[in-house]
Amino acid sequence: MVTALAGCSPKPAENSVFIDPQFAALVPPDTTLLVGLRVENLVKTPIYQKYLSGGKIQIIDRFARGTGINPEKSLWNLLLVSNGRQSFVLGRGKFADELMAPDFSKKGVRRFGYQGLTLFGDEQEAMLLVNSSTIAIGETAILRALVDQRPSFKGLPARLSALTKEVPRQTQFWGVYAGGPVDLPLTGNLANVNKVLGLVANGAFYFDLSDGVTGTMTGVAANAQDAQQVHDGLEGMLGLGRMMAPKNQPELKRVFDGIRVLQEGQRVSVKIAEPEELAGTLVGIWLKR
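So, here's what we can say about the structure. The model shown is predicted, which means the values in this text are computed figures rather than measured ones.

Rules used throughout
- Residues numbered from 1 in each chain as written.
- Predicted model: local features only at pLDDT ≥ 70, side-chain atom pairs only at ≥ 80, totals over all residues.
- Heavy atoms only, no water.
- Helix = DSSP H or I, 4+ residues; strand = E, 2+ residues; numbered from the N terminus.
- Buried < 20%, exposed > 50% of the residue type's maximum accessible area, 1.4 Å probe, protein only.
- Contact = heavy atoms within 4.5 Å.
- Areas by Shrake-Rupley, 256 points an atom, 1.4 Å probe, with all protein chains shown as cover.
- Arc of directions from axis to C-beta.
- Core = buried A, V, L, I, M, F, W, Y, C linked by side-chain atoms within 4.5 Å.
- 1 Å grid on protein atoms, 1.4 Å probe; cavity = no way out; pocket = protein on both sides within 12 Å on 5 of 7 lines; lining within 4 Å.
- Points joined across faces, edges and corners; volume = space filled by probe spheres on them.
- Phe/Tyr/Trp six-rings, centres within 6.5 Å; stacked < 30°, edge-to-face > 60°.
- Lys NZ or Arg CZ within 6 Å of the ring centre and 35° of its normal.
- Salt bridge = Lys/Arg side-chain N within 4 Å of Asp/Glu carboxyl O.

### So, the overall build of the chain
Looking only at helices and strands, the chain features 12 helices and 12 strands. Out of the 289 residues belonging to the chain, those deemed buried represent 47%. A separation threshold of at least 6 residues defines the contact pool for the chain, and within that pool the share at least 24 residues apart is 62%. Accessible surface for the chain amounts to roughly 14400 Å². Of this, 54% is attributable to carbon and sulfur atoms.

### Things to note about the environment of Glu 40
Along the chain, the position of Glu 40 falls in helix H3 (residues 39–42). Exposure remark for Glu 40: the relative accessible area of 30% places this residue in the partly exposed category. The sequence separation of Glu 40 and Glu 72 amounts to 32 residues, and the corresponding C-alpha distance is 7.0 Å. Once residues within four sequence positions are removed from consideration, Glu 40 is found in contact with Leu 75, Trp 76 and Asn 77.

### Some points on helix H7 (residues 140–149)
Within H7, burial applies to Thr 140, Ile 142, Leu 143, Leu 146 and Val 147. All buried residues of H7 lie within an arc of 165° about the axis, which places them on one face of the element. Contacts made by the buried residues of H7 are with strand E3 (87–93), strand E4 (110–114), strand E5 (117–121), strand E6 (125–131) and strand E7 (134–139).

### Things to note about helix H5 (residues 58–67)
Within the sequence span of H5, burial applies to Ile 60, Phe 63, Ala 64 and Thr 67. Taken down its axis, H5 places every buried residue within 100° of arc, on the same side. One or two positions beyond H5, positive phi appears at Gly 68, with a value near 80°.

### Regarding the nonpolar core
Ranked by size, the top nonpolar core spans 46 residues in total, and within it Phe 63, Leu 78 and Ile 135 carry the most contacts. In this structure, Ala 126, Leu 128, Val 147 and Ala 204 belong to the second largest nonpolar core, which totals 31 residues.

### Thoughts on empty space enclosed by the protein
If you roll a probe as big as a water molecule over the atoms, it shows you where there is empty space left. Tallying each qualifying case throughout the model produces 1 cavity of 30 Å³ or more. Here the largest cavity defines a volume of roughly 60 Å³. Along its surface, the largest cavity is lined by Phe 18, Ile 19, Asp 20, Phe 23, Gly 36, Leu 37, Arg 38, Asn 77, Leu 78, Leu 79 and Trp 174. The element that contributes the greatest number of residues to the lining of the largest cavity is strand E2 (residues 75–82), accounting for 3 residues.

### Focus on the packing of aromatic side chains
This structure, assessed with the given rule, holds 4 aromatic pairs. Ring geometry for Phe 205 versus Phe 207: centroids 6.1 Å apart, planes at 50°, classification tilted. For Phe 205, a relative accessible area of 14% puts it in the buried group. Owing to a relative accessible area of 5%, Phe 207 belongs among the buried residues under this scheme. A connected cluster of aromatic rings, assembled from ring pairs, spans Phe 173, Phe 205 and Phe 207. The aromatic ring of Phe 112 is capped on one face by Arg 110, whose charged end is 4.3 Å from the ring centroid.

### As for the pattern of salt bridges
Under the criterion given, the structure shown has 10 salt bridges. Across the pair Arg 144 and Glu 123 runs a salt bridge whose closest N-O atoms are separated by 2.9 Å. In this pair, Arg 144 is assigned in helix H7 and Glu 123 in the loop between E5 and E6, connecting sequence segments 21 residues apart. The exposure class assigned to Glu 123 is partly exposed, which follows from its relative accessible area of 41%.

This is the structure:
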């Protein structure tokens, strides 16, 4: 049963973002949003080590608290899967010795079975042990539905697969969106991403933290008029940010200078290029509540 649930997927194209084959086999056909983290690569970057360690990335912190593992040593990849109404998080890593199945039992956490697989949690939220290195975390009802429906899954939905080809393979943080309602579990100023996604028909984003912070966020609106609205709104936010930057914090204005908004027909792109010395300021803006 575990082997069948994990499944197999074709090897991803070398020029598109890496998606763990174990994950691709667990994405339902109605999925509209994927957000991925190459944790094993991210934690090695200077930006993470200086500014993002210690539970500052919510999705990593949630997974670490649920499993009790050290994400900087034992977590490889994470993938948020959502259809706009329901979501769960997939994780792969070294959760136990190769000769032993992971055991996440602890005080207040119940261990129970479903269709031959093991869950840890309660009737509200749980962790589903897909195999010794793959776990799904979410509402218990959603995880049970995942087990029930998995035989009908045919790999990554085509509309999402096409969007992942826009994301460079080496990126550590990325996402693709195929339209419809969305509610990302983001805090601080990053929560504004939900509002922007509501105005576009599809899009993608990716960030590389290997040397400073570089990245692109792209959205395709329903028409050129909507795209212009998105473009103008983003430009207005940047302009307001520059105006409100305190005079004793000149680095804030320099951060905004590293962000460009471009429009081409129905497509709007935000290009970000910040050197390492400004990365901490940018991270502070993202995470500010």
